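Residues per chain are reported as follows:
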Amino acid sequence: MKKNYKAQIALGIVFMILAFLITIQFRSVTKNNETQQQNNLRIEDLLTELNKEKEKSSALEQQVEEYEEDIAQYRSKAEKSNGDSMFLSEQLKRAEILAGLVDVHGPGVTVTLNDANNRKDLESATEANSTLIHDEDIRRVINELSAAGAEAICVNDSRIISTSAVRCVGPTVLVNDTKMAPPYEIKAIGKPDQLEAALNLNGGVIDGLRVWGFEISISKSDDLVIPRYSGTLNFRSASAVETEKEGEE
């Protein structure tokens with residue numbers, strides 16, 4: 001009788017433990033399911049937003065194409081018209097070149113920047129980071145080329161214009177919001193000898209970069225092609241200042 005009583009107590013304890021474990025497991029599964037549902041909802045929201053942005057981007061690209069077709073038609077008509085229209089057409093072409101909205105070609109230089117090849121031999125993360133090409137290194141080369149008279153510049157075929165940004169986001173360099181990885185090929189149209197000399201000044205930008213072991217090459221060309229800016233230009237705050245016409249007070 002005592003043995004049966006003890007066995008019943010032991011079974012009761014086992015059942016209590018099993019019930020406790022089942023309860024914990026149930027709560028854990030329920031919580032995980034709720035978390036998974038929340039994550040699924042978040043993913044669906046993000047996918048919805050992504051699709052909306054893709055639709056907006058596609059609509060803007062189509063709008064740009066339509067504007068370009070309109071401009072081509074107006075230009076064609078203008079060039080067949082009188083001298084004033086021809087002059088305005090030439091001014092429009094010049095403005096498009098300066099704004100980076102058309103493909104251009106001409107003599108110039110190509111500067112190739114690559115990370116140092118001794119990165120694997122460095123133990124310190126700080127030392128290893130110093131062997132990587134950063135946004136400021138690319139900007140320094142762009143600034144030097146611009147100061148030396150470059151008329152058009154691109155980085156890995158992404159055109160540099162007045163609103164372009166070159167920045168680091170984590171380990172990635174973004175140019176015009178386009179992710180890029182080394183090697184970085186910077187093309188510039190201008191006088192090749194003048195551009196090369198500016199880059200190779202003693203103590204200049206290239207000397208400063210070579211100190212860190214970066215792989216750098218500069219080549220001159222008689223005819224480089226630099227593509228147009230492929231993004232969209234939106235001016236929400238800036239507007240042209242209207243000047244008073246002659247004879248008006």
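Procedures and definitions
- Residues numbered from 1 in each chain as written.
- Predicted model: local features only at pLDDT ≥ 70, side-chain atom pairs only at ≥ 80, totals over all residues.
- Heavy atoms only, no water.
- Core = buried A, V, L, I, M, F, W, Y, C linked by side-chain atoms within 4.5 Å.
- Buried < 20%, exposed > 50% of the residue type's maximum accessible area, 1.4 Å probe, protein only.
- Helix = DSSP H or I, 4+ residues; strand = E, 2+ residues; numbered from the N terminus.
- Contact = heavy atoms within 4.5 Å.
- Pairing = 2+ DSSP bridges.
- Patch = residues over 30% accessible without salt bridge, like charges linked within 9 Å, V, L, I, M, F, W, Y side chains within 5 Å.
- Areas by Shrake-Rupley, 256 points an atom, 1.4 Å probe, with all protein chains shown as cover.
- Salt bridge = Lys/Arg side-chain N within 4 Å of Asp/Glu carboxyl O.

K.L.:
Lay out the nonpolar core with the relevant residues and their values.
P.N.:
Membership of the largest hydrophobic core comes to 30 residues, with the highest contact counts inside it found for V111, L113, I138, V141, L145 and I186. Among the secondary structure elements, those contributing two or more residues to this core are β1 (104–114), α4 (135–147), β2 (152–155), β5 (172–175), β7 (184–189), α5 (192–199), α6 (205–210) and β8 (215–226). In terms of residues, this core owes the most to one element, α4, which gives 4 residues. For L145, the contacting residues outside a window of four places in its chain are V109, A150, I153, I186, A188, L195 and L199. Formed by 6 residues, the second largest nonpolar core is a distinct cluster that contains A152, I189, L224 and I226.

K.L.:
Tell me about the pairing of β5, and please be specific about residues and values.
P.N.:
One ladder, built from 4 bridges, connects strand β4 (residues 166–169) with β5; its direction is antiparallel. By the bridge assignment for β5, R167 is matched with L174. Once β4 ends, the chain turns through 2 residues before running back antiparallel as β5, passing G170 with a positive phi of about 65 degrees. Note: β5 against strand β6 (residues 178–180), 3 bridges, orientation antiparallel. Bridged to L174 within β6 is K179. Taking the residues between adjacent antiparallel strands as the criterion, β5 and β6 are bridged by 2 residues, where N176 takes a positive phi near 55 degrees.

K.L.:
Break down the environment of G149 for me, citing the residues and quoting the values.
P.N.:
Within the secondary structure layout, G149 lies in the loop between α4 and β2. Looking at G149, the relative accessible area reads 36%, which means it is partly exposed. A sequence separation of 41 residues divides G149 from G190, and the C-alpha atoms of the two residues are 6.3 Å apart. When near neighbours in sequence (up to four residues on either side) are disregarded, G149 contacts I189, G190, Q194 and L195.

K.L.:
So what's going on with a nonpolar patch on the surface? Residues and values would help.
P.N.:
A contiguous nonpolar patch, built from I13, I17, L18, L21 and I22 and spanning about 480 Å² of accessible area, is present on the exposed surface. Of note, L18 is situated in helix α1 (residues 2–79). Residue L18 is classed as partly exposed on the basis of its relative accessible area, which comes to 43%.

Scope: geometric values only; no functional claims are made or implied.
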